[in-house]
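Notes for the structure review
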Amino acid sequence: MNETICAISTAPGIGGIAVIRVSGTNAFPICDQLFQAKHEGKKLCTQKAYTLLYGTISYNGEIVDDVMAAVFRSPHSFTGEDTVEISCHGSVYIQQQILQLLLQLGCRLAQPGEFTQRAFMNGKMDLSQAEAVADLIASTSSGQHRLAMNQMRGGFSSELKALREKLVYITSLMELELDFADHEELEFADRKELKDIAALIEQTMSKLAHSFKAGNAIKNGIPVAIIGETNAGKSTLLNLLLNEDKAIVSDIHGTTRDVIEDTVNINGIMFRFIDTAGIRETHDTIEALGIERSFQAINRADIVLWVIDHTEAEKQIAALSDKVLPLCEGKKLLLILNKSDLKTSSTSIGLSGFPENTQVVSLSAKYKEGLDNLQALLAEAAHLPALSSNDIIVTNVRHYEALTNALDAIHRVQEGLSTELPADLISQDLRECIFHLSDIIGEVTTDEVLGNIFKNFCIGK
């Protein structure tokens, strides 16, 4: 934290302008050794916060580039430290030259996520907000962007802090009784009031925890399993949905032997398609493992696309129904009658025995016929909540696990209040609940947890 760090904060080589960020105690003195303002005598260290200066980066009399230098003063910067952001031309050579000069003058290259980690350590944001920075950078849909922006602006944190305040209030009353344990007749905490507060806390935490399924789908894509017999056209369909040749397509049976996954944005909704091995009887050990993973993919999916060769639909349905249909209960099942271009007459599929949430789609994956109808049905089947800028939905696995642990603790508190457990036992469960909520926003954390969070950030952020 005492070292001055620097990094390129923009993707190299893809834009006309690049930004190099320098943050730390010596940010101004180091940058002043390289930066010469157009108006002589102006130094970065003497400029007001939020000042933008035009000048050059030069060293030993050689000009590297014309740049703009932005000044941010502690504590009013992203990291909470003195910061300089140098906007130079996007040449990879220029960026590297400036970076090397900064390193020679005493900067250290920033680690992944170190700027955001310093913002957290300096109290500019809590841990859940810091994690939202990475989610915002990685967002590829409006839903992902909206949730990440809300979390980064503190919507989730505010909800957690309100819960924590209620828990601290209950705990203080319970522990006040412990201080007067010799006077059994004294009861500072009205048990009915405590039960009402605990019920309100439990209701709020349950709502947040239950939102994780939708949040995870928005963040990582709604899981969609593509299943069926060999050569039914599963890989062709995957390539059509992704608009790229992701999977190998061949007339040879059993070409796909492992699960292939990729995501795509359809009508503003992120889907994660899972192409699976063709289901058939086989003595090939590797192919059998792939088929087993096909069934696992069905269990993980919210939507199942059962691809059927239109020319032998009845045969394929009869062969796999006993294996597939029990796994599709409670899921959206779309029967994809593929290769419709080869069928001279229409095929009527009776849905008796199928899950209630089943629909039939006629398609030619090879000639891209029926794709619009399939995409519309997928978007309809997503059932994602309509999001506003104020919605609080949990998208992070770490947050979900902490909420689940906090819920277990508050359930024990409710049970203890109902069964009139001693105050010290109830107080212990209250403290555990507070601990798990505090863990989400980083009020209690470890270096290992911080390392796991920030190692997945990009350098420069």
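Before going into details, it helps to say that this report is about the structure given with it. (Residues numbered from 1 in each chain as written. Predicted model: local features only at pLDDT ≥ 70, side-chain atom pairs only at ≥ 80, totals over all residues. Heavy atoms only, no water.)

**Comments concerning the sheet that holds strand β4 (residues 51–59)**
How we decide: The pairing criterion is simple: DSSP has to find at least two bridges between the two strands. Numbering of helices and strands runs from the N terminus, with a helix taken as a DSSP run of H or I at least four residues long and a strand as a DSSP run of E at least two residues long. Here a residue-residue contact requires only that any non-hydrogen atoms of the pair lie within 4.5 Å. Note on definitions: angles span 0 to 180 degrees between N-to-C directions of axes, and those axes are lines fitted to C-alpha atoms, for helices only across the stretch in contact.
Taken together, the 7 strands give an open sheet; going across it, the order is β3-β4-β5-β6-β2-β1-β7, and neighbouring strands pair in mixed fashion. At either margin of the open sheet sits one strand with a lone partner, and together these are β3 (35–37) and β7 (108–109). One ladder, built from 2 bridges, connects strand β1 (residues 5–8) with β7; its direction is parallel. Its bridge partner lying in β7, C6 is registered against L109. Contacts between helix α2 (residues 92–104) and the sheet are confined to β1, β2 (17–23), β4, β5 (62–72), β6 (83–89) and β7, with β1 contributing the most and set at about 175 degrees to the helix. Across the face of the sheet, helix α3 (residues 114–121) comes into contact with β1, β2 and β7 while running at roughly 135 degrees to β1.

**Some words on the sheet that holds strand β12 (residues 332–338)**
Here 6 strands make up an open sheet; going across it, the order is β9-β10-β8-β11-β12-β13 and the pairing mixed. Looking at the sheet topology across the chains shown, the edges are occupied by β9 (260–266) and β13 (358–362). When the angles between neighbouring strand axes are averaged without regard to direction, this sheet yields 25 degrees. As defined by bridge partners, strand β8 (residues 222–228) adjoins strand β11 (residues 303–309) across 5 bridges and the pair is classed as parallel. Looking across to β11, one finds that I227 is bridged to W306.

**Side note on the pairing of β6**
Heads up, the rule is: Partly exposed describes any residue whose relative accessible area lies between the buried limit of under 20% and the exposed limit of over 50%, with all areas from a 1.4 Å probe on protein chains only and scaled to the type maximum.
The element β6 is extensively covered by neighbouring structure, given that 5 of its 7 residues are classed as buried. With 7 bridges connecting them, β2 and β6 associate as antiparallel partners. Considered in β6, the bridge of S23 is made with T83.

**With respect to the layout of surface pockets**
Short version of the rule: Computed over the protein atoms alone on a 1 Å grid, cavities are sets of points where a 1.4 Å probe fits but cannot get out and pockets are open sets with protein on both sides within 12 Å along at least five of seven lines; a residue lines them when it has an atom within 4 Å of a point. Grid points are joined across faces, edges and corners, and a volume is the space filled by probe spheres set on the points. Side-chain classes follow a simple rule in which Ala, Val, Leu, Ile, Met, Phe, Trp, Tyr, Cys and Pro form the nonpolar group, Asp, Glu, Lys and Arg form the charged group, and the remainder, Gly included, forms the polar group.
Considered as a void within the structure, the largest pocket measures approximately 540 Å³ in volume. Forming the walls of the largest pocket are 27 residues, and the residues nearest its centre are E131, A134, D135, K219 and N396. Those elements giving two or more residues to the lining of the largest pocket turn out to be α4 (127–138), α5 (142–152), α8 (212–220), α14 (423–441) and α15 (447–454). A class-by-class count of the residues in the lining of the largest pocket yields 11 nonpolar, 11 polar and 5 charged.

**Details of empty space enclosed by the protein**
Evaluated as defined, the whole model comprises 1 cavity of 30 Å³ or more. Considered as a void within the structure, the largest cavity measures approximately 40 Å³ in volume. Forming the boundary of the largest cavity are L147, N150, Q151, F156, D391, I392 and I393. With 3 residues, α5 is the largest single contributor of residues to the lining of the largest cavity.

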